[in-house]
Amino acid sequence: MSGQLWRKNLINITPYVAGEQPKGDNIIKLNANENAYPPSPKVREILDSYKPEDMRRYPSADAGPLREALAKRAGLSVENVFVSNGSDDVLATAFRAFFNSDKPIVYPDITYSFYPVWCDLLKIPSRTVPVGEDFHISAQSLYGEGNGGVVFANPNAPTSLAQSREFVRDVLEHNKDCIVIVDQTYVDFAEAGIDCLDLINEYDNLLVTHTFSKSRSMAGMRIGEAYGDAELIKYMLAVKDSYNSYPVNRLSIETGVASVQDEQYFQSTLKKVIATREKVSRQLAELGFEVLESQTNFLFVTHPGFKAKDIFEALREKGIYIRYFNKPRIDDHLRITIGTDDEMMQMVEQIKAFIG
Ligand SMILES: *Cc1c(COP(=O)(O)O)cnc(C)c1O
């Protein structure tokens, strides 16, 4: 057996499992919460004028132009903004920078399944708190002297539900000795009054994360950002510079800036997605589904008469991919991304055909 002992020192982790990435012309992909619409035409202009010789040069080390554009839009200073390769990388950087306590970090049992993956990878002690029967998070469950940190998504995934700003404030008031991360990936699809970005001016232990992947239609470019007190951002930059000081590539910086500067297009895309969401919610409710009140670009639904897995498989057979989670508490639910009106019509038709 000599020469085999290195195996006991291998990393032992369970990786995050993303939604399937099926290929083919006739498929309808509603399983990764990607946007139904393309990014701003201003992004197209950047691509059209892009000179390959520019690729010779390293990008801006701190994604300066993109941080500036985001700061300007949010009415903040560039020192309050961090940018990296998708919000997954932003969150991983934040976990490394802020969750170094012996106390466990706390997050809801039903939430984005990357949080446990990072805790595992980075050896961060953690504790989950159950969401209610109605899938809402209770603020009290996140209180705690004993918390090493708190992280939750608002609106949450895969439940699609949002908690109020008062909820966020409540959690912050009861967690003054640790960092609280609010993952606002889906906030642009939520009603006014959910966004708590401005609370970073009041709470220096609040970090708000966001991404270009969902509301800005740019999942393939890998851009995510975080907002917080300048001191928090300084620590995140220090962590980033300790393992990869050129995070975001040149094209992502330039197209990202173009997206941020086209507010009108951004708002019009959000409106379309929300209108489709409301329409499809009603259609599914008419078919007997229980549809949670979505504040995101996806629906979380269950049908009392049919198994979620059976509906999932029936749709997949027709080339329509939605998300089924084989996990306790949610294995009777389905997560359906809002596609175009046409895609959603086809999805609803196939569900009708299945349930007869
Ligand atoms: C999609 C998603 C992310 C990650 O987005 P990327 O920027 O593409 O890495 C983070 N949090 C939640 C809750 C998400 O749904």
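Residues numbered from 1 in each chain as written. Predicted model: local features only at pLDDT ≥ 70, side-chain atom pairs only at ≥ 80, totals over all residues. Heavy atoms only, no water.

1. Here we look at the site of the ligand
Moving on, step 1. Neighbouring the ligand are the residues Gly86, Ser87, Asp88, Tyr112, Asp183, Thr185, Tyr186, Thr211, Ser213, Lys214 and Arg222.
Moving on, step 2. When the ligand sits alone it has 380 Å² of accessible area, and the protein chains cover 93% of it.
Moving on, step 3. For the shell around the ligand, the leading source of residues is helix H3 (residues 86–98), giving 3 residues.
Moving on, step 4. A per-class count over the shell around the ligand returns 2 nonpolar, 5 polar and 4 charged. (Near = heavy atom within 4 Å. Areas by Shrake-Rupley, 256 points an atom, 1.4 Å probe, with all protein chains shown as cover. Helix = DSSP H or I, 4+ residues; strand = E, 2+ residues; numbered from the N terminus. Nonpolar A, V, L, I, M, F, W, Y, C, P; charged D, E, K, R; others polar.)

2. Quick look at the side chain of Thr302
Moving on, step 1. Along the chain, the position of Thr302 falls in strand S10 (residues 298–302).
Moving on, step 2. Looking at Thr302, the relative accessible area reads 10%, which means it is buried.
Moving on, step 3. Of note is the side chain of Thr302, whose polar atom sits 2.7 Å from the backbone oxygen of Asp332.
Moving on, step 4. Not counting residues up to four positions away in its chain, the partners in contact with Thr302 are Gly288, Phe289, Glu290, Asp332 and His333. (Buried < 20%, exposed > 50% of the residue type's maximum accessible area, 1.4 Å probe, protein only. Polar contact = N/O pair within 3.5 Å; in protein donor to acceptor, adjacent residues only side chain to side chain. Contact = heavy atoms within 4.5 Å.)

3. A word on the packing of aromatic side chains
Moving on, step 1. Throughout the structure, instances matching the rule amount to 12 aromatic pairs.
Moving on, step 2. Arranged with centres 5.5 Å apart and planes meeting at 65 degrees, the rings of Phe95 and Trp118 form a pair that is edge-to-face. With Phe95 in helix H3 and Trp118 in helix H4 (residues 114–122), the pair connects residues that are 23 residues apart, well separated along the chain.
Moving on, step 3. Phe95 gets classed as buried once you look at its relative accessible area, which sits at 0%.
Moving on, step 4. Taken together, the ring pairs connect Phe95, Phe99, Tyr107, Tyr112, Phe114, Tyr115 and Trp118 into an aromatic cluster.
Moving on, step 5. The lysine or arginine in question, Arg216, covers the ring of Phe212, its NZ or CZ lying 5.5 Å from the ring centre.
Moving on, step 6. Over the ring of Tyr37 we find Lys272; its NZ or CZ atom is 4.1 Å from the centre of that ring. (Phe/Tyr/Trp six-rings, centres within 6.5 Å; stacked < 30°, edge-to-face > 60°. Lys NZ or Arg CZ within 6 Å of the ring centre and 35° of its normal.)

4. A word on the environment of Phe354
Moving on, step 1. Note on placement: Phe354 falls in helix H10 (residues 341–355).
Moving on, step 2. Sequence separation between Phe354 and His303 is 51 residues, and the spatial gap between their C-alpha atoms is 12 Å.
Moving on, step 3. With residues up to four places along the chain from it excluded, the contact list for Phe354 reads Phe306, Asp310, Ile311 and Ala314.

5. Structural notes on a nonpolar patch on the surface
Moving on, step 1. On the surface, Ile11, Ile13 and Leu121 cluster together into a nonpolar patch covering about 260 Å² of accessible area.
Moving on, step 2. With respect to the secondary-structure elements, Leu121 resides in helix H4.
Moving on, step 3. Judged by relative accessible area, Leu121 falls into the partly exposed class, the value being 36%. (Patch = residues over 30% accessible without salt bridge, like charges linked within 9 Å, V, L, I, M, F, W, Y side chains within 5 Å. Salt bridge = Lys/Arg side-chain N within 4 Å of Asp/Glu carboxyl O.)

6. A few points about the nonpolar core
Burial of nonpolar side chains together is a common tendency in soluble globular proteins.
Moving on, step 1. Counting 47 residues, the largest nonpolar core has Leu66, Leu142 and Phe152 as its most contacted members.
Moving on, step 2. Among the secondary structure elements, those contributing two or more residues to this core are helix H2 (64–74), strand S2 (81–84), strand S5 (149–153), helix H5 (165–173), strand S6 (180–183), strand S7 (206–211) and helix H7 (250–261).
Moving on, step 3. There are two domains that each give this core at least three residues, and those are domain 1 (19–39 + 264–355) and domain 2 (41–261).
Moving on, step 4. Those residues in contact with Phe152 that sit more than four places away from it in its chain are Pro108, Tyr115, Ile137, Leu142, Phe167, Val168, Val171, Val180, Ile181, Val182 and Asp183.
Moving on, step 5. Ala157, Tyr186, Val273 and Met344 belong to the second largest nonpolar core, which has 31 residues in total. (Core = buried A, V, L, I, M, F, W, Y, C linked by side-chain atoms within 4.5 Å. Domains from an automatic or database assignment.)

7. What about the sheet that holds strand S13 (residues 334–337)?
Pairing between the strands of a sheet comes from backbone hydrogen bonds, and it takes one of two forms, parallel or antiparallel.
Moving on, step 1. On the basis of which strands lie adjacent, the open sheet formed by 4 strands has the order S9-S10-S13-S12 and antiparallel pairing. The sheet terminates laterally at strand S9 (290–291) and strand S12 (323–324), the two strands that pair on one side only.
Moving on, step 2. Bridge count between S9 and S10: 2 bridges; the pairing is antiparallel. Along S10, the bridge assignment pairs Glu290 with Thr302. (Pairing = 2+ DSSP bridges.)

8. Looking at H5
Every α-helical turn comprises 3.6 residues, leaving residues that sit three or four positions apart pointing alike.
Moving on, step 1. By the burial criterion, the buried members of H5 are Arg165, Phe167, Val168, Val171 and Leu172. The buried residues of H5 all sit within an arc of 160 degrees when viewed along its axis, so they share a single face.
Moving on, step 2. Buried residues along H5 sit against S5, S6 and S7. (Arc of directions from axis to C-beta.)

9. Topic: the packing of H3 against H4
Moving on, step 1. At a minimum axis distance of 11 Å, the contact between H3 and H4 shows a crossing angle of 45 degrees. Put simply, H3 runs oblique to H4. Crossing of H3 against H4: the hand is right-handed. Contact residues: H3 offers Asp88, Leu91, Ala92, Phe95 and Arg96, while H4 offers Phe114, Tyr115, Trp118, Cys119 and Leu122.
Moving on, step 2. Among the residues forming the contact of H3 with H4, the class breakdown is 8 nonpolar, no polar and 2 charged. (Axes fitted to C-alpha atoms, helices over the stretch in contact; angles between N-to-C directions. Parallel < 35°, antiparallel > 145°, perpendicular 65-115°, else oblique. Left-handed = near helix turned anticlockwise from the far one by under 90°.)

10. Some details on the domain arrangement of the chain
Moving on, step 1. Taken as a whole, the chain is organised into domain 1 (19–39 + 264–355) and domain 2 (41–261).
Moving on, step 2. Placing the centre of domain 1 and that of domain 2 at their C-alpha centroids yields a distance of 25 Å.
Moving on, step 3. Summing both sides of the interface, domain 1 and domain 2 together bury roughly 2400 Å²; the carbon and sulfur share of this comes to 62%.
Moving on, step 4. In terms of surface lost to domain 2, no three residues of domain 1 exceed Phe266, Gln295 and Arg329, which account for 32% of the buried area on that side.
Moving on, step 5. If you look at where domain 1 meets domain 2, you find 1 salt bridge.
Moving on, step 6. A salt bridge links Arg329 to Asp109; the shortest N-O distance between them is 2.9 Å.
Moving on, step 7. Secondary structure elements with two or more residues in the side of domain 1 that touches domain 2: helix H8 (263–286) and S10.
Moving on, step 8. Considering every element that reaches the side of domain 1 that touches domain 2, the biggest residue donor is H8, with 7 residues. (Buried area = accessible area lost by both parts, 1.4 Å probe.)

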